[in-house]
Structure formats: structure tokens, C-alpha cells
Amino acid sequence: MYVVKSPLSDANLKTVSEALQGGLVDLVDLALVAKQIHWNVVGPRFRSIHLQLDELVDTARTHSDTVAERASALGVSPDGRAATVAVGSGIDVTPEGWVDDSTAVRTIVDALGAVIGRMRERITATGDPDPVSQDIFIQITADLEKQHWMFQAENG
């Protein structure tokens, strides 16, 4: 079996691979949470929040693919399986059933806040061992912070 060899030292690869795997888990879960709420949001702002959630899902999915492919490029097998995501995510449990629009927004704001906090830790962790991965985390964090701002503005 062919194994991709990383240009990073073993110690640096361990740090970076943990950051990439954690980022992947958080992004996969963020997409799942946003889609779950997308299907269940109700209320006067249904349409705008419903559409905004699709934008967040697209952002999270795009970035999860980037993170997984970066891991692969470094010789690390990414793990986005449901069981792995369920155990490793930093996002709280999503409400079950119909979710009124204000609760939906609060839930997404909280989820984004949790993921952003963990992404910022990954920016710091990857700075010295792999500036390329750090750059990916910087871009992801910028995009998520933009989404965070937009959802916060929904509830004023």
C-alpha cells in the first residue's frame, strides 16, 4: 500500500494532524447541525434563516473538504465518520424537533462560537510546525466569524 510521506517532522506532524482532525470533526458537525436546523426552523423569519443556513452548510462542507485534503497531503488519513464526529465535536447538542427562529439563531451562534474558539486554538498550534495548515485555519476562521456576525445580527 502506498503511504504519503509528510515533509513535516514526526513531532510537527502529530501536532498538525491533531489540529486538522479536530477541525474536520468540528466542520462536519457544524454542517450537520446547520442542516438539521435548516429542516426544522419555523417562525416569521423562516425563509431568510432557512437560506442563510444553507450558506453556512456550504461554507462548512467546503472547508471540511479542504481540511481533509490537507491531512491527506501530509500523509494523515482523515476521519469524518459519524461516530468520530459524535465523540470529537465541540458543538453542544442540537434541539430536537421544530425550532423557532430565535432559538435557531441562538443555537447556530453558539455552535459557531464554539467552533471559532477551537479554530483559533488550531491557528496558534499550527503556526510554527506548519504555516500552510495555519493559513487554512486562518481562512476558515475568517469565514466562520463572518457567518457568526451575520447570525448574531439576526437576533439583534
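Here the structure is a predicted model, which means the values were calculated and not measured.

Q: I keep staring at the pattern of salt bridges and nothing clicks. Help me out?
A: Side-chain pairing between opposite charges can occur once the charged atoms of the two side chains come close. Using the criterion set out here, one finds nine salt bridges in the structure. Among the salt bridges present, the one from Asp26 reaches Arg122, with a minimum N-O distance of 3.1 Å. In this pair, Asp26 is assigned in helix H1 (residues 10–40) and Arg122 in helix H4 (residues 101–126), connecting sequence segments 96 residues apart. Of the two residues, Asp26 and Arg122, both sit in the buried class. Two residues, Asp79 and Arg81, come together in a salt bridge whose shortest N-O distance is 2.8 Å. One continuous salt-bridge network, built from bridges that share partners, spans Asp26, Arg118 and Arg122.

Q: Looking at this structure, I do not really get the environment of Val76. What am I missing?
A: Mapped onto the elements of the fold, Val76 is located in the loop between helix H2 (46–73) and helix H3 (82–88). For the pair Val76 and Val16, spaced 60 residues apart in the sequence, the C-alpha separation amounts to 9.6 Å.

Q: Could you clarify how one ought to interpret the environment of Val93 in this entry?
A: Tracing the backbone through its elements, the reader meets Val93 in the loop between H3 and strand E2 (99–100). Here Val93 falls in the exposed class, since its relative accessible area comes to 80%. Counting along the chain gives 18 residues from Val93 to Ala111, while the straight-line C-alpha distance between them is 9.3 Å.

Q: I'm lost on the nonpolar core in this one. Help?
A: Nonpolar side chains in soluble globular proteins tend to end up buried together. One finds Leu30, Leu56, Ile108, Leu112, Ile140, Leu144 and Phe151 to be the most contacted residues of the largest nonpolar core, which totals 39 residues. Mapped by element, the contributors of at least two residues to this core are H1, H2, H4 and helix H5 (131–155). At 11 residues, H1 tops the list of elements feeding residues into this core. If we skip the residues at most four places from it in the chain, Leu56 touches Leu30, Ala34, Ile108, Leu112, Leu144, Gln147 and Phe151.

Q: Mind showing me how you'd approach the packing of H1 against H2 here?
A: Two packed helices can be described by the angle between their axes and the distance between those axes. The N-to-C vectors of H1 and H2 enclose an angle of 160°; their axes lie 8 Å apart at closest approach. In terms of orientation, H1 lies roughly antiparallel with respect to H2. In this structure, H1 meets H2 at a crossing whose hand is left-handed. Of the residues in the contact of H1 with H2, the class split is 15 nonpolar, five polar and four charged.

Q: Looking at this model, I keep getting lost on empty space enclosed by the protein. Mind explaining?
A: Which parts of space are left empty comes out when a probe the size of a water molecule is rolled across the atoms. The full count for this structure, using the stated rule, is one cavity of 30 Å³ or more. Here the largest cavity defines a volume of roughly 40 Å³. Around the largest cavity, the lining residues are Ser17, Leu20, Gln21, Leu24, Val67, Ala68, Ala71, Val76 and Pro78. For the lining of the largest cavity, the elements supplying multiple residues, two or more each, are H1 and H2. Here the lining of the largest cavity is built from residues that sort into seven nonpolar, two polar and no charged.

Q: Help me out: how do you make sense of the UniProt feature "domain: Ferritin/DPS" (unreviewed entry) in the protein in this one?
A: As recorded in UniProt, the feature "domain: Ferritin/DPS" (unreviewed entry) lies at residues 18–153. Annotated as 79% helix and 3% strand, the span residues 18–153 places its first and last C-alpha atoms 33 Å apart.

About the criteria used
- Residues numbered from 1 in each chain as written.
- Predicted model: local features only at pLDDT ≥ 70, side-chain atom pairs only at ≥ 80, totals over all residues.
- Heavy atoms only, no water.
- Salt bridge = Lys/Arg side-chain N within 4 Å of Asp/Glu carboxyl O.
- Helix = DSSP H or I, 4+ residues; strand = E, 2+ residues; numbered from the N terminus.
- Buried < 20%, exposed > 50% of the residue type's maximum accessible area, 1.4 Å probe, protein only.
- Core = buried A, V, L, I, M, F, W, Y, C linked by side-chain atoms within 4.5 Å.
- Contact = heavy atoms within 4.5 Å.
- Axes fitted to C-alpha atoms, helices over the stretch in contact; angles between N-to-C directions.
- Parallel < 35°, antiparallel > 145°, perpendicular 65-115°, else oblique.
- Left-handed = near helix turned anticlockwise from the far one by under 90°.
- Nonpolar A, V, L, I, M, F, W, Y, C, P; charged D, E, K, R; others polar.
- 1 Å grid on protein atoms, 1.4 Å probe; cavity = no way out; pocket = protein on both sides within 12 Å on 5 of 7 lines; lining within 4 Å.
- Points joined across faces, edges and corners; volume = space filled by probe spheres on them.
- UniProt positions renumbered as here; feature names shortened; annotations may be inferred.

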